[in-house]
Amino acid sequence: MTAPAKPAPEITPEMTPFFEAARRHELVVQRCTACGALRFPARAACNRCMSRDVEWVPVAGRGTIFSVAVMHQANHPAFAAVLPYAVVVVELECGVRMISNVVDWPVAEVRIGAPVEVCFEERSPEVTLPVFRRASA
Amino acid sequence: MPAHPLRGASAIVGLGITPQGKVYGPSALGFAVDAVRLALEDAGLSREDVDGLLVNPGLSWGDMGMGSFQLQQALGLRDLRLTATMNLGGATAAAMIAHAAQAIAAGVCRTVACVFSDAPLKPPSPATGDGGGTGAAYRFARGLEAAYGFFGVNAMYALVAKRHMHRYGTTQDHLGLVAVAQRRWANRNPAAQLHDKSLTLSDYHASRWIVEPFHLFDCCLVSNGGLAVIVTATDRARGLRKPPVYVWGMGQGHLGGDPADSLASGAVLAKETAFPMAGVGVADFDVVELYDCYTFTVLVTLEDYGFCSKGEGGPFVAERVRGPGEGLPVNTGGGQLSSFYMWGMTPISEAVIQLRGEGGERQVPRHDLALVSGNGGVLSTHATLVLSRLPA
């Protein structure tokens, strides 16, 4: 019996550039072309200047752990085998925060403030996800 | 300074609480009908007295359009002058009371039923053995986040709580002490779902993790049930079946932005409206009923109302929030952690019970003035009520 697959994210039109970039192992976020503010995930408008003009720009995949929650319940059967696992908020050097997972890192050792760098997890031919591993400070 | 025109202009005169918890059979709409009937009986009013209906639909109301109209038809109410289906999450209940109070003071209507109900729990299934006690309706997946295994409000709050612990040194013990104190109150409340279950700090630490830093007992219950409150004009309130509970003050605060940055609830804003309207300060409250989706929410809300300074919620609860007979009476029915989860109706109902002096074994000796909070989303929305058994 094969383990159930982790839920595939819906590739919405707004988020398509993000998933295309991830397949190239590149991390992109939205940038407001009016005021330059960066944001993630895709939003309908810039909440700094209310402009709806936007582009996707590559950003450096370095940052720190902003917060961490260790999941002990499998709300989807695919995660039952990996309990407990950490969901983290990474604050990238560019200031944008994103929900993600960590790899090659014991859950109990994931700490707020720890430096991280992006790597990419290929889930399927369509879906590659940015995840993060420990980086040297 | 003249008194605020809303201060004491309306009163809560009826409270209806259906059986709560793993109660199967009625739909959410059915629980709502039962709650309104009980509230009218409690007030000594009849259906014909009601000319306003406000409804906060729980999750199991689903996509039912215009919930307040559905409930009007189910109750057979005619000639309403005010209705609305409202949703600010857990802040809705207090916001409904405020909306009712404002409409009554403005002369738009006279007697308003405010209603919450939900029925997310399903009966245990013989096929799975268990399935009855889980909050399956509360589990939802959200695109990219679900792909990372990030599910539900527990996890969203956990990320914020973790920041509070990091920034202010709040400890697991601090969270646990909130759960223990509230359980001690629930042990004196026969209507509480966990009335018969004791909880020590070591029981708390031994309980399973849900999402670190939350153990099982950091998280609120899930309940089927309904709860209704009848609000009317002060001149109508006198001489009814139960002593009126006067609405002295109300306010809302919705901060926006990322709660993991502010680590604050909208209480910081809502109190600026509610406290001056009521003419009270934080030291005046005899009873404090705070929205408690998590232990953490109680701790943060205490900070934001000014019971202690920002970041001192942990040490404050350790010293002052101890349960019956000690310190500050907070969530005196056991709250949503130990009593039942009717979103913001739980703290409102307990404030009414205490102010009326109907608290039985858990009655607080001095019970003139109560603070009530409602909180929705992840510290996203907030509403405050100041209630008193004394006319303004």
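Residues numbered from 1 in each chain as written. Chains lettered and ligands numbered in written order. Predicted model: local features only at pLDDT ≥ 70, side-chain atom pairs only at ≥ 80, totals over all residues.

K.L.:
Looking at this structure, how should I read the overall build of chain B?
P.N.:
Broken down by element type, chain B carries 14 helices and 11 strands. For 392 residues, the compact-globule estimate of 2.2 N^0.38 gives 21 Å, and the C-alpha radius of gyration of chain B, at 20 Å, lies within 12% of that figure. By its C-alpha atoms, chain B is 55 × 50 × 40 Å across when sized along the principal axes. In chain B, which comprises 392 residues, the proportion classed as buried is 58%. The long-range share in chain B, meaning contacts at least 24 apart out of those at least 6 apart in sequence, stands at 77%. (Helix = DSSP H or I, 4+ residues; strand = E, 2+ residues; numbered from the N terminus. Rg over C-alpha atoms; globule rule 2.2 N^0.38 Å. Buried ≥ 20, exposed ≤ 12 C-beta atoms within 10 Å, placed from the backbone. Contact = placed C-beta atoms within 7 Å.)

K.L.:
Explain the overall build of chain A here, please?
P.N.:
Of the regular secondary structure elements, chain A holds 1 helix and 8 strands. When its helices and strands are written in sequence order, chain A yields α-β-β-β-β-β-β-β-β. The C-alpha radius of gyration computed for chain A amounts to 16 Å, which stays within 12% of the reference 14 Å derived for 137 residues, consistent with globular compactness. Seen along its three principal axes, the alpha-carbon backbone of chain A occupies a region of about 50 × 35 × 25 Å. Residues classed as buried in chain A amount to 31% of the 137 residues present. Here the analysis covers contacts within chain A between residues at least 6 apart in sequence; of these, 51% occur between residues at least 24 apart.

K.L.:
Help me out: how do you make sense of the interface of chain A and chain B in this one?
P.N.:
When the parts of a complex come together, some accessible area is lost, and that lost area is often used as the size of the interface. With 24 residues of chain A in contact, the opposing surface of chain B contributes 24 residues. Of all the secondary structure elements, the ones that give two or more residues to the side of chain A that touches chain B are strand S4 (62-71), strand S5 (85-92) and strand S6 (97-101) of chain A. Looking at the side of chain A that touches chain B, the element that brings in the most residues is S4(A), giving 5 residues. Here the residues of the side of chain A that touches chain B sort into 15 nonpolar, 7 polar and 2 charged. (Nonpolar A, V, L, I, M, F, W, Y, C, P; charged D, E, K, R; others polar.)

K.L.:
For this particular structure, what's the right way to read the sheet that holds strand S9 (residues 287-289) of chain B?
P.N.:
Picture the strands of a sheet paired through backbone hydrogen bonds; they go either parallel or antiparallel. All names here are of chain B. Read from one edge to the other, the open sheet built from 9 strands follows the order S3-S2-S4-S7-S1-S8-S11-S10-S9, with strand pairing classed as mixed. With one partner strand each, in any of the chains shown, strand S3 (82-85) and S9 form the two edges of the open sheet. When the angles between neighbouring strand axes are averaged without regard to direction, this sheet yields 25°. By the bridge criterion, 7 bridges tie strand S1 (residues 10-17) to strand S7 (residues 225-233) in an arrangement that is antiparallel. By the bridge assignment for S7, Leu15 is matched with Val229. Each of strand S2 (52-57), S3 and strand S4 (111-118) touches helix H2 (residues 67-75); the most contacted strand, S2, lies at about 120° to it. The sheet strands contacting helix H3 (residues 92-105) are S1, S2, S3, S4, S7, strand S8 (245-252), strand S10 (369-376) and strand S11 (381-388), and the helix crosses S2 at an angle near 165°. (Pairing = 2+ DSSP bridges. Axes fitted to C-alpha atoms, helices over the stretch in contact; angles between N-to-C directions.)

K.L.:
Which parts of the structure should I look at to understand the domain arrangement of chain A?
P.N.:
Residue and element names in this part refer to chain A. Each domain of chain A was delimited in the assignment, giving domain 1 (13-59) and domain 2 (61-137). Computed from C-alpha coordinates alone, the two centres of domain 1 and domain 2 are separated by 20 Å. Elements represented by at least two residues in the side of domain 1 that touches domain 2 include exactly helix H1 (16-23) and strand S2 (38-39). It is H1 that provides the largest number of residues to the side of domain 1 that touches domain 2, a total of 3 residues. Of the residues contributing to the side of domain 1 that touches domain 2, the split by class is 7 nonpolar, 1 polar and 2 charged. (Domains from an automatic or database assignment.)

K.L.:
I keep staring at the pairing of strand S7 (residues 115-122) of chain A and nothing clicks. Help me out?
P.N.:
Residues in a regular strand point their side chains to alternate faces of the sheet. All names here are of chain A. As paired strands, S4 and S7 are joined by 3 bridges and run antiparallel to one another. Looking at the pairing, Thr64 lines up with Pro115 of S7. Across 7 bridges, the pairing between S7 and strand S8 (residues 128-134) is antiparallel. In the strand pairing of S8, Val116 is matched with Arg134.

K.L.:
What am I meant to see in the nonpolar core here?
P.N.:
Nonpolar side chains in soluble globular proteins tend to be buried together. Within the largest apolar cluster, 157 residues are counted, with the highest numbers of intra-cluster contacts made by Ile97(B), Cys114(B) and Leu387(B). Inspection of this core shows a minimum of three residues originating in each of domain 1 (13-59) and domain 2 (61-137) of chain A. Residues contacting Leu387(B), with those up to four places away along its chain left out, are Val245(B), Tyr246(B), Val247(B), Trp248(B), Ala351(B), Leu355(B), Ala370(B) and Val372(B). (Core = buried A, V, L, I, M, F, W, Y, C linked by C-beta atoms within 7 Å.)

K.L.:
Would you explain helix H1 (residues 28-43) of chain B in this entry?
P.N.:
Helical periodicity: at 3.6 residues per turn, an α-helix aligns residues three or four positions apart in one direction. All names here are of chain B. The terminal C-alpha atoms of H1, which comprises 16 residues, lie 23 Å apart, in line with the 22 Å expected from a rise of 1.5 Å per residue. The buried count for H1 comes to 12 of 16 residues, which makes it a mostly enclosed element. All of the buried residues along H1 are Ala28, Leu29, Phe31, Ala32, Val33, Asp34, Ala35, Val36, Ala39, Leu40, Asp42 and Ala43. Those residues of H1 that are buried are in contact with S1, H2, S4 and S7. At the exit of H1 stands Gly44, carrying a positive phi of roughly 75°. (Expected span 1.5 Å × (residues − 1).)

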